[in-house]
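# Understanding the architecture of this molecule
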Amino acid sequence: MRRTVIAGNWKMNMTPAQTKSFITELAPMVAGQDKCDIVLCVPYVDIATAVEAAKGTNIHIGAENVHFAESGAYTGEISAKMLCEIGTEYVIVGHSERRQYFGETDATVNLRTKAALAAGLKVILCLGEVKDERLAGITNEVVSMQTKLDLAGISAEELKNVIIAYEPVWAIGTGLTATPEQADETCGVIRETVAALYGRDAAEEITIQYGGSMNDANAAELLAQPNIDGGLIGGASLVAKKFTAIVDAAQ
Ligand code: PGA
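Residues numbered from 1 in each chain as written. Predicted model: local features only at pLDDT ≥ 70, side-chain atom pairs only at ≥ 80, totals over all residues. Heavy atoms only, no water.

What follows deals with the overall build of the chain. Scanning the chain from terminus to terminus reveals 12 helices and eight strands. Taking 2.2 N^0.38 as the reference for a compact globule, 251 residues should give roughly 18 Å; the C-alpha atoms of the chain span a radius of gyration of 17 Å, in line with that estimate. In terms of principal-axis extent, the alpha carbons of the chain reach across some 45 × 45 × 35 Å. Counting over 251 residues, the chain shows a buried share of 53%. Accessible area for the chain stands at about 11100 Å²; split by element, carbon and sulfur atoms hold 55% of it. Averaged over its 20 positive side-chain charges, the chain has a centre that lies 2 Å from the centre of its 32 negative ones. (Helix = DSSP H or I, 4+ residues; strand = E, 2+ residues; numbered from the N terminus. Rg over C-alpha atoms; globule rule 2.2 N^0.38 Å. Buried < 20%, exposed > 50% of the residue type's maximum accessible area, 1.4 Å probe, protein only. Areas by Shrake-Rupley, 256 points an atom, 1.4 Å probe, with all protein chains shown as cover. Lys, Arg positive; Asp, Glu negative; His and termini not counted. Charge placed at Lys NZ, Arg CZ, Asp CG, Glu CD.)

Here it is as structure tokens:
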């Protein structure tokens, strides 16, 4: 059976000191929740503090991006090896804000995914349509194409360490949420694409999250959908009570 994964994406929020107090507050609130994996993806400078604060808890720590080269002249970038050495377990790749503001393409998302997997990280691979694509009725084509391009050259064995986060771009940080039916349908399209690439068993095993204004009020309904196996949560992951309510909804 596939795992439910509830992951926070802090984006550019929280200092190391805030990280320590947040995790200290959150840990007892989610202790004993074993029906889903709990992940916090945090800014690079917060990772070491987060790993230390999460020791002995059921909270796993991830990064928000990773470069594809092992090392070299890439000013400002961080390698997978650097992340692993400080205890990072997960990494978000291909978030729409990276695609939108920092020129990420499916080609670089694919390279970053491969580098992260080769280093032993678990990847949360983000994809999703923009508003004009949904209005034009090409959502299914867009997510299917992104799935194929972003996973190109990744083996069935490596795929076991990939989580796909379906995030309709128009729903991120906007307060607009895809309806549970819309989200489930599109996650189903992604699952069918995985089936075409890797076979039915792999498609049934892969965790597909929904992301985009998921919160304590709408999580239960979204997570109840058959094709939605968790959430990638931005805004609501910055408030321990709200994040805990989403984890509870996943039980
Ligand atoms: P949001 O962000 O929950 O604030 O919409 C989700 C995301 O960007 O992963």
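Having seen the model, we can carry on.
A few words on the site of the ligand. Around the ligand, 13 residues are found, and the nearest of them are K11, H95, E167, G173 and S213. Between the ligand and G173 there is a distance of 2.6 Å, counted from an oxygen atom to a backbone nitrogen or oxygen. For the ligand, an oxygen atom lies 2.9 Å from a polar atom in the backbone of G235. Taken together, the residues of the shell around the ligand break down into four nonpolar, seven polar and two charged. (Near = heavy atom within 4 Å. Polar contact = N/O pair within 3.5 Å; in protein donor to acceptor, adjacent residues only side chain to side chain. Nonpolar A, V, L, I, M, F, W, Y, C, P; charged D, E, K, R; others polar.)

Further remarks concern helix α7 (residues 139-150). Taking 1.5 Å as the rise per residue, α7 with 12 residues should run 16 Å; its terminal C-alpha atoms sit 16 Å apart, in good agreement. Within α7, the full set of buried residues consists of T139, V142, V143, S144, Q146, T147 and D150. (Expected span 1.5 Å × (residues − 1).)

Turning our attention to the packing of helix α1 (residues 16-30) against helix α12 (residues 240-249). Axes are the key here: two packed helices are described by the angle between their axes and the distance separating the axes. At their nearest, the axes of α1 and α12 sit 10 Å apart, and the two run at 30 degrees to each other. Relative to α12, the element α1 is oriented roughly parallel. Note that α1 runs across α12; the crossing there is right-handed. In this structure, α1 uses F22, E25, L26, M29 and V30 to contact α12, whose residues at the interface are A240, K241, F243, T244 and V247. (Axes fitted to C-alpha atoms, helices over the stretch in contact; angles between N-to-C directions. Parallel < 35°, antiparallel > 145°, perpendicular 65-115°, else oblique. Left-handed = near helix turned anticlockwise from the far one by under 90°. Contact = heavy atoms within 4.5 Å.)

Further remarks concern the pairing of strand β4 (residues 90-93). Burial along β4 is two-sided: Y90 and I92 and V91 and V93, pointing in opposite directions, are all buried. Assessed by its sense of winding, the connection that carries the chain from strand β3 (residues 59-63) through helix α3 (residues 80-85) to β4 is right-handed. With four bridges joining them, β4 and strand β5 (residues 122-127) adopt parallel strand pairing. The residue bridging V91 from the neighbouring strand is V123, located in β5. (Right-handed = clockwise from strand over helix to strand, strands pointing away. Pairing = 2+ DSSP bridges.)

All right, on to the packing of α7 against helix α9 (residues 180-198) then. For the pair α7 and α9, the least separation of the axes is 9 Å and the interaxial angle reads 40 degrees. By the angle class used here, α7 and α9 are oblique. Note that α7 runs across α9; the crossing there is right-handed. Mapping the contact onto sequence places T139, N140, V143, S144, T147 and K148 in α7 and E185, T186, V189, I190, T193, V194 and L197 in α9. Class assignment for the residues of the contact of α7 with α9 results in five nonpolar, six polar and two charged.

This part covers the nonpolar core. I6, L40, I59, I61, V91, I164 and Y210 are the most contacted members of the largest nonpolar core, which totals 64 residues. In terms of residues, this core owes the most to one element, α9, which gives six residues. Not counting residues within four places of it along the chain, the set of residues in contact with I61 comprises I23, L40, V42, I47, A50, V51, A54, T88, E89 and Y90. Core analysis: the next-biggest nonpolar cluster, separate from the first, contains 11 residues, V5, A7, I92 and A165 among them. (Core = buried A, V, L, I, M, F, W, Y, C linked by side-chain atoms within 4.5 Å.)

Within the secondary structure, S79 sits in the loop between β3 and α3. S79 sits in the buried class, given a relative accessible area of 4%. Engagement of the side chain of S79 in a polar contact is seen with the backbone nitrogen of M82, the distance being 3.2 Å. Not counting the four nearest positions on each side in its chain, S79 is found in contact with V66, A69 and E70.

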